[in-house]
Every structure is written in structure tokens, then in C-alpha cells.
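Given next are the chains, with one letter for each unit.
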Amino acid sequence: MINGKIFLILLLSCDLCCGCPLKKMHYITEEYPPYNYISDNKLVGIGVDVLIASSKIVDCPVRRSDIRVLPWARAYKMTKEKKDTVLFTIAKNKEREALFLWVGPFIEAKNVLIAKKTSNITINNYDLNKWIIGAIRDDISFLLAVKSGISEDRFRFTRLPDNLAHMLSKDRIDMWAYTDHSAWWILRKYGYDRADFEVVKVLGVYEDFFAFNLQSNPAAAELLQTGIDMLKNTPGKIGKSMMEDILLKYL
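All values derive from a computational prediction rather than experimental measurement. (Residues numbered from 1 in each chain as written. Predicted model: local features only at pLDDT ≥ 70, side-chain atom pairs only at ≥ 80, totals over all residues. Heavy atoms only, no water.)

Peer 1: Residue-level account of the packing of helix α2 (residues 46–57) against helix α8 (residues 242–250), with values.
Peer 2: One can describe the packing of α2 onto α8 by two numbers: an axis separation of 10 Å at closest approach and a directional angle of 155°. On the basis of the axis angle, α2 is roughly antiparallel to α8. Like other packed secondary-structure pairs, α2 and α8 cross with a definite hand, here right-handed. Facing I46, D49, V50, A53 and I57 of α2, the residues of α8 in contact are M242, M243, I246, L247, K249 and Y250. Class assignment for the residues of the contact of α2 with α8 results in nine nonpolar, no polar and two charged. (Axes fitted to C-alpha atoms, helices over the stretch in contact; angles between N-to-C directions. Helix = DSSP H or I, 4+ residues; strand = E, 2+ residues; numbered from the N terminus. Parallel < 35°, antiparallel > 145°, perpendicular 65-115°, else oblique. Left-handed = near helix turned anticlockwise from the far one by under 90°. Contact = heavy atoms within 4.5 Å. Nonpolar A, V, L, I, M, F, W, Y, C, P; charged D, E, K, R; others polar.)

Rendered as C-alpha cells:
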């Protein structure tokens, strides 16, 4: 984390030479609750709130209206190719590490297999192909599940994760491969009791970040990192920190 004196020098330097650097960036995201999604015609979510709060705390506020919502593939391609573009919420892994400037992390997420407790499923590496798995094709949870040894013919695919929540509840699939926070959020959205479900296997654990195009102004990335660090270290109204307050709002 940048100390207060260096932060003030950086902020004054940016104000004098180029104005608030965060306001010159192009922000894009996708529909992926609870990280980023539209509710009652308003863009909300963990990533959205972290961006707004962290930019505000460093006196360089980003507005919701500054953020575009695009399909994931288009947003990802645009961020790799267009200068001063920021994509969120995105997991950092070895394949992506050299492609962006990374700011964060602000949350840890697990890619998991979720089952109904009444199914009494116990997973080991020898019986992975006994089950029918629901997934989104080419989603990272699906890719990790295949990597763990599950044959692709054991999967049932839908375009929307909401459909998989219903399929799991109605025993049309044995397990659901998805991100834990998102799966719990969707189940709660439709009135399912989280206590009726359980994680039977963790496929992978990743931290989520903001990804800046490599040609972006480094002062902007540094400033947002400072804001995120300040959220983590400033006492919250409900949780231990302002960052925890945001997480508790959605999880």
C-alpha cells in the first residue's frame, strides 16, 4: 500500500498534468451476479461497489454511468486490445497473468461442485464420472471440472446459470459446476434454502481483480490500488473494514 505522503504527491501530480486519471479510463463489465449485474435498471454488485468506493476514497470518483456492460468474450477481447480499458470482475490465473495490469485483489472465489445434501454424494478421484454435472460451456468451472478428470459427455449445458439452479433442485443433474458466491446468490434469488445444498468438491480457488490494458496509464492503476487498499484498512460500519461492508451486502 502507498503511504500517505507518496499518495498525495501522486494525486497532486496527476491533477496538475492530466487531471484525475481514473476518469480517463474506459470501464467494462459483464452480467455476473453478485459481482456485477443490473437490478431495477441499476448496475450493482461487489465489483461495481468496490470500484465506486475505492475511486471515491482517493477523490477521483468513477460513476455507475461510466461503466459499460458487455458480453464477456467481447469485453475480454476489448480489454486486451484497447488502451486505457479496465475489465472487472476477473480471476487472475497463470494464463492471464501477463496479459493485463492487475489491481486488487478484492475478493476470493472458489470454483466448486455443488450438490443437494439429500444426494449424499461423496467425491473421490475414482468416481468422478459416475455423476451428471450441470455447467456453462467454456465457463472456468466447467474447464476445471474437465481438467479434474470428468468426461465431457457427463455434462449437461445451459446458457444461463439460473437454469442449472432449477435443474439441481429438481434432481435433473447431480451436481452444479460454478463459482460458489454466484451459485449461492442464484439459489437465494429463487427462494431455495442454502442449507439444503453443499460443496462436494473445490475445483479451484482464485482471487478476483480489476484488469487494466497493458498500455493503460500506470498512475490510474496505482491510484485504484491505493483506493482498494484503503477500503481494506478503513473501519467499516458493519464489518471490520469498508471492504467487508461491501462484501456483507451481497454475500
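There is more to say after this.
Peer 1: A description of the nonpolar core should follow, citing residues and the corresponding values.
Peer 2: Counting residues in each nonpolar core, the largest one holds 53 residues, and the members touching the most others are L22, Y27, I46, V50, W176, F210 and F212. In this view, F212 contacts M25, T85, V86, F100, L101, V103, A220, A221 and L224; residues no more than four positions away in its chain are not counted. Counting residues in each nonpolar core, the second largest holds 19 residues, with A91, I123, A135 and Y206 among its members. (Core = buried A, V, L, I, M, F, W, Y, C linked by side-chain atoms within 4.5 Å. Buried < 20%, exposed > 50% of the residue type's maximum accessible area, 1.4 Å probe, protein only.)

Peer 1: How would you summarise the side chain of T158 if you had to cite specific residues and measurements?
Peer 2: Here T158 lies in the loop between β8 (155–157) and α5 (161–169). Owing to a relative accessible area of 16%, T158 belongs among the buried residues under this scheme. In terms of polar contacts, T158 uses its side chain to reach the backbone carbonyl oxygen of L160, at 2.8 Å. Not counting the four nearest positions on each side in its chain, T158 is found in contact with A135, I136, N163, L164 and M167. (Polar contact = N/O pair within 3.5 Å; in protein donor to acceptor, adjacent residues only side chain to side chain.)

Peer 1: Can you tell me about helix α4 (residues 140–147), naming the residues and giving the values?
Peer 2: All buried positions along α4 are accounted for by S141, F142, L144 and A145. All buried residues of α4 project into a common sector of 165° when viewed along the axis, lining one side. Buried positions along α4 lie against β6 (100–116), β7 (133–135), β8, β9 (175–179) and β10 (197–213). The N-capping residue of α4, defined by a side-chain oxygen 3.0 Å from the backbone nitrogen of S141, is D139. Backbone geometry just downstream of α4 places G149 in the positive-phi region, at approximately 120°. (Arc of directions from axis to C-beta.)

Peer 1: For the pairing of β9, give the residues involved together with the corresponding values.
Peer 2: With five of five residues buried, β9 is to be regarded as a mostly interior element. Here β6 pairs with β9 via four bridges, running antiparallel. Counted as the bridge partner of V112 is Y178 from β9. When β7 meets β9, the two strands line up parallel, connected through two bridges. Bridging across to β9, I133 finds its partner in M175. (Pairing = 2+ DSSP bridges.)

Peer 1: Now, about the pairing of β10: what can you tell me, with residues and values included?
Peer 2: Burial analysis of β10 places 12 of its 17 residues in the buried class, the great majority of the element. Where strand β5 (residues 85–91) lies against β10, four bridges are found, and the strand directions are antiparallel. Paired with V86 across the two strands is F212, which belongs to β10. Both β6 and β10 contribute to a ladder of 14 bridges, which runs antiparallel.

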